[in-house]
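# Structure assessment
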Amino acid sequence: MASRAGFRNLLRCSNARPALCKPPISSPRRTRSIGGVPEQKRKTAIVTGSARGIGKAIAIRLAEDGYDICVNDIPSNKGEAEALASEIKGLGRKSTVALGDVSKLDQVESIVKTSVEELGPLNTMVANAGIAQVKPLLQVTPEELQRIFEVNVHGAFNCYSTAAKQMISQGSGGKVIGAASIVSFRPFAMLGPYSATKFAVRGLTQVFAMEMARHKITVNAYAPGIVGTSMWDLIDEKLGEETGAKRGDTLKKYSADIALGRTSVPTDVSKAVSFLAGPDSDFVTGQTLLVDGGIVFN
Ligand SMILES: NC(=O)c1ccc[n+]([C@@H]2O[C@H](COP(=O)([O-])OP(=O)(O)OC[C@H]3O[C@@H](n4cnc5c(N)ncnc54)[C@H](O)[C@@H]3O)[C@@H](O)[C@H]2O)c1
């Protein structure tokens, strides 16, 4: 005999439109798969500045998560960008390279266009590209100040806004993610302009989150601490020149203050970006997530 709940379900079904009671019809699109990921679940991401360092780790992690990846970097890093795209294809995903300078709006528009044409609708933008400069404030030239703002702030703005416009035109939301830093919360002496640009990225992330929410686009940033990449090789070398410390000693000195007892590696950051790009962060927006092993406690 049918239970009370069973009868209720039967009644609901008999009153409903017939189509709602039918099991979903499976179409060839639903069952096709590439690299083990069903096609309707395939997503695409652009990762800027991904020829090396943190961006490369993010691109690989998102490919492992099932994303097809558009690799971006500046033209002089073409070889590394193409090698990364091949590595991603080896993981069974699609990948394309779109070289270009994120500080130029027309180039970012062309990167997004290439990604959509080659890989399909854009789901996630990771505005990772950035540059650092180590110098006392009073020695910073106007040209240097302008260039670091062009890459780190205009670059983030160009990537956030161009990706958001594309996502709005597609009508199904998306994830926009940017590279902030511990210096977005607590600046470092000798990294003045860099710290200011990363404060700006955190601010932009908050306002974009407010304005994009109605389009179901979440906007968040990740804030790495001390990650052993070319960027920290530069910081270590330049701070050493100022203080007289030997190469490697500045990195060691700052790393000694990390609560979890070691310098970060790029995959520490890519794991957090995987969360920000994935469905588990669907109700998180406007946040700058510290991934520093315990340096800044905010
Ligand atoms: N390394 C760290 O400790 C650390 C800490 C906090 C934040 N970050 C941020 O994380 C991001 C990645 O840093 P990383 O350590 O991997 O640096 P990295 O220097 O190793 O890599 C940065 C990549 O961005 C590319 N790039 C630079 N300018 C560009 C432009 N105008 N257009 C396109 N690509 C460009 C570079 O060619 C390079 O491949 C940066 O935004 C950085 O500020 C790094």
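Cut-offs applied
Residues numbered from 1 in each chain as written. Predicted model: local features only at pLDDT ≥ 70, side-chain atom pairs only at ≥ 80, totals over all residues. Buried ≥ 20, exposed ≤ 12 C-beta atoms within 10 Å, placed from the backbone. Helix = DSSP H or I, 4+ residues; strand = E, 2+ residues; numbered from the N terminus. Pairing = 2+ DSSP bridges. Axes fitted to C-alpha atoms, helices over the stretch in contact; angles between N-to-C directions. Expected span 1.5 Å × (residues − 1). Contact = placed C-beta atoms within 7 Å.

## A look at the pairing of strand 4 (residues 67-71)
Burial of strand 4 is extensive: five of the five residues sit out of reach of the surface. Of the two faces of strand 4, the one carrying Tyr67, Ile69 and Val71 and the one carrying Asp68 and Cys70 are both buried. Where strand 3 (residues 43-47) meets strand 4, five bridges bridge the pair, whose relative direction is parallel. Looking across to strand 4, one finds that lysine 43 is bridged to tyrosine 67. Note that strand 4 and strand 5 (residues 95-97) share three bridges and pair parallel. Across the sheet, the residue bridging to isoleucine 69 is serine 95, located in strand 5.

## Observations regarding the environment of glutamate 64
Considering the arrangement of structural elements, one finds glutamate 64 in helix 4 (residues 53-64). Between the C-alpha atoms of glutamate 64 and serine 274, which are 210 residues apart in sequence, the distance is 9.6 Å.

## Regarding the sheet that holds strand 9 (residues 288-291)
The seven strands are arranged 5-4-3-6-7-8-9 in an open sheet whose pairing can be described as parallel. Every other strand in the sheet has two partners, leaving strand 5 and strand 9 as the edge strands with one partner each. Each strand of the sheet is rotated relative to its neighbour by a mean of 20 degrees, with strand direction disregarded.

## Here's the deal with helix 4
In a regular helix each residue adds 1.5 Å, so twelve residues correspond to 16 Å; helix 4 covers 17 Å between its end C-alpha atoms and thus fits that length. In terms of burial, helix 4 is a largely internal element, ten of the twelve residues being buried. Taken as a whole, helix 4 has its buried residues at Ile54, Gly55, Lys56, Ala57, Ile58, Ala59, Ile60, Arg61, Leu62 and Ala63. Residues of helix 4 that are buried make contact with strand 3, strand 4, helix 5 (78-90), strand 6 (124-127), strand 8 (217-224) and helix 11 (266-277).

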